[in-house]
Each structure stands twice: as structure tokens, then as C-alpha cells.
Amino acid sequence: NMLFGGIYDHARGGIHRYSVKSDWVIPHFEKMLYDQAGLIKVLAKLGLIYPNPLIFDALFDTVEYLSKEMQSESGYFFSSQDADTEGEEGIYFTFTENEFDNVLEKDESLKNQKEKLKNWFGISPKGNFEKGLSIISLDPAFKEDFLTEEGWEIVRKVRKEIYNERKKRIPPGTDNKGIASWNFMLLSALCDVIQY
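Residues numbered from 1 in each chain as written. Predicted model: local features only at pLDDT ≥ 70, side-chain atom pairs only at ≥ 80, totals over all residues. Heavy atoms only, no water.

## Here we look at the overall build of the chain
Then comes step 1: Within the chain one finds eight helices and nine strands.
Then comes step 2: For the chain, the C-alpha radius of gyration of 16 Å lies close to 16 Å, the compact-globule estimate for 196 residues.
Then comes step 3: Judged by the C-alpha coordinates and their principal axes, the chain covers about 45 × 40 × 30 Å.
Then comes step 4: Burial analysis of the chain (196 residues in total) assigns 48% to the buried set.
Then comes step 5: A total of about 9900 Å² of accessible surface is found on the chain, and carbon and sulfur atoms cover 53% of it.
Then comes step 6: Positive and negative side-chain charges in the chain, numbering 24 and 32 respectively, have mean positions lying 1 Å apart. (Helix = DSSP H or I, 4+ residues; strand = E, 2+ residues; numbered from the N terminus. Rg over C-alpha atoms; globule rule 2.2 N^0.38 Å. Buried < 20%, exposed > 50% of the residue type's maximum accessible area, 1.4 Å probe, protein only. Areas by Shrake-Rupley, 256 points an atom, 1.4 Å probe, with all protein chains shown as cover. Lys, Arg positive; Asp, Glu negative; His and termini not counted. Charge placed at Lys NZ, Arg CZ, Asp CG, Glu CD.)

In C-alpha cells, the structure reads:
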């Protein structure tokens, strides 16, 4: 349920700090290093007993996110990324219905499936967050459709397009201090991933 919900960053990987609701859709958008360590450790073990693209994509996308955005030139990992951008919480991570439509229009194969994909990703005219914004999530009601080989390839395409669009925005700030205990937690989790 966490991997379906908005607490998981569907565009980039990684998990937000916590959810404000029990359905995991609306997070507090800050990303903490120790949460990424916990997520990786759980997914590495879960993937062994429940092999599934939902789990594997979350695992490897999170590792990639950490290596590209959260690692210093010296090799240690940064402690966190902010929830706010330009003074507003979550604005970097959320989309209006119109913005989501525009993302889909950039790929011909997605363009003709707009309504279906808006259902899958929980996008609506009124949104599920403030000011008509929608937090990207996957609606479990449609999991029989998107957890198929063909459906999951579509999910991957949408996530890629969302990420490409988001890269044009001002990203949240990063706290670039290295906290030894949090780095140790992450390194311990990455040892589990090496088993793959």
C-alpha cells in the first residue's frame, strides 16, 4: 500500500517522511536518509519472497535516486531533502489535471489513454491535495489492470514522463551534511541489495 500511495515518489524513487492519512496518499514531502535506508532494507527482503515489478522498481529507483541526488563527491550520503520549494510544501511533487494531461500528450502511446491513466494515477479536476493539485499515486482499485506486464510498462512510461517534466522545476533544497549513523544505516541496507 505504501508503494501504491503518494508517500512513495513515483517519478524518482525514494519515500517521503510520513503519511498524514492512513491510505498513504498524502505525505509530508520531506525525504530523510534513514527512511530510504529502512525502505531499501525491507524491499530487498520482500523482493525475495514476493518478486514483483512494484517492489523491484521501487528498490532500484530508490538506489538510483540516492546515488544521483543524495551522494556527495566524497562518497557520503546527504541527510535530507526539503518538503518545500519556493515556499510551498509539495509543489515540486504535485500536478494539476491539466499539467498531467500535458505530460501524457508528449508520448503518442499515452496520449490516447488519458482517462484511464488519470484513474490509475489518482488525478482529478479537484485534486487530492491543496489548490487543486494531485499527488501522484497508484489507485489500488485498478491494480488488476496495471499490475500486468503490459500495464506495468505503461506505468513506467508515465513515471518517466512525470520525472522529465519535474526536472524542469526548481527542486527542493538538500541538507548536505553527512550524519554517520544514518550513512551506516544506508550502507547496511545496500549490503542486502548486493545479494541481487
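Once you've had a look at it, read on.
## Describing a nonpolar patch on the surface
Then comes step 1: Taken together, the side chains of Val42, Leu46, Leu48, Ile49 and Tyr50 define a hydrophobic patch exposed on the protein surface, amounting to about 530 Å² of accessible area.
Then comes step 2: Here Leu46 shows up in helix H1 (residues 33-49).
Then comes step 3: A residue is classified by how much of its surface remains accessible, and Leu46, at 32% relative accessible area, is partly exposed. (Patch = residues over 30% accessible without salt bridge, like charges linked within 9 Å, V, L, I, M, F, W, Y side chains within 5 Å. Salt bridge = Lys/Arg side-chain N within 4 Å of Asp/Glu carboxyl O.)

## Focus on unusual backbone geometry
Then comes step 1: Residues other than glycine seldom take positive phi values, yet Trp24 does so here, at roughly 70 degrees.
Then comes step 2: Of note, Trp24 is situated in the loop between strand E1 (18-19) and strand E2 (27-28).
Then comes step 3: Of note in the backbone geometry, Lys131 takes a positive phi value of approximately 55 degrees without being a glycine.
Then comes step 4: Considering the arrangement of structural elements, one finds Lys131 in the loop between helix H5 (114-120) and strand E8 (134-135).

## Some details on the side chain of Thr62
Then comes step 1: Its place among the elements puts Thr62 in helix H2 (residues 53-69).
Then comes step 2: A polar contact of 2.9 Å, which involves the side chain of Thr62, links it to the backbone nitrogen of Gly14.
Then comes step 3: With near-sequence residues (within four places) excluded, Thr62 lies in contact with Tyr8, Gly13, Gly14, Gln36, Leu39, Ile40 and Asp57. (Polar contact = N/O pair within 3.5 Å; in protein donor to acceptor, adjacent residues only side chain to side chain. Contact = heavy atoms within 4.5 Å.)

## Considering helix H3 (residues 97-105)
Then comes step 1: Of all the positions in H3, only Phe100, Asp101, Val103 and Leu104 are classed as buried. End-on view of H3: buried residues confined to an arc of 160 degrees, all on one side of the axis.
Then comes step 2: Of the surrounding secondary structure, the elements contacted by the buried residues of H3 are strand E7 (94-95), helix H4 (108-111), H5 and helix H7 (149-166). (Arc of directions from axis to C-beta.)

## Concerning the packing of aromatic side chains
Then comes step 1: Taken as a whole and judged by the stated rule, the model has nine aromatic pairs.
Then comes step 2: Each ring, one from Tyr76 and one from Phe78, has its centre 5.9 Å from the other, and the planes form 80 degrees; the classification is edge-to-face.
Then comes step 3: Feature note: the residues Phe4, Trp120, Phe146 and Trp152 constitute an aromatic cluster, connected by ring pairs.
Then comes step 4: Lying across the ring of Phe95, Arg169 places its NZ or CZ 4.2 Å from the centre. (Phe/Tyr/Trp six-rings, centres within 6.5 Å; stacked < 30°, edge-to-face > 60°. Lys NZ or Arg CZ within 6 Å of the ring centre and 35° of its normal.)

## As for the sheet that holds strand E3 (residues 31-32)
Then comes step 1: What the three strands build is an open sheet, ordered E3-E4-E9; its pairing is antiparallel. Looking along the sheet, the strands with just one partner apiece sit at the ends: E3 and strand E9 (174-175). (Pairing = 2+ DSSP bridges.)

## Observations concerning the pattern of salt bridges
Then comes step 1: Under the counting rule described, the total for this entry stands at 17 salt bridges.
Then comes step 2: The partner of Lys118 in a salt bridge is Asp101, and the shortest N-O contact between them spans 3.2 Å. Here Asp101 lies in helix H3 and Lys118 lies in helix H5, a separation of 17 residues in the sequence.
Then comes step 3: Salt-bridge contacts for Glu105 lead to Lys114; the nearest nitrogen and oxygen are separated by 2.4 Å.

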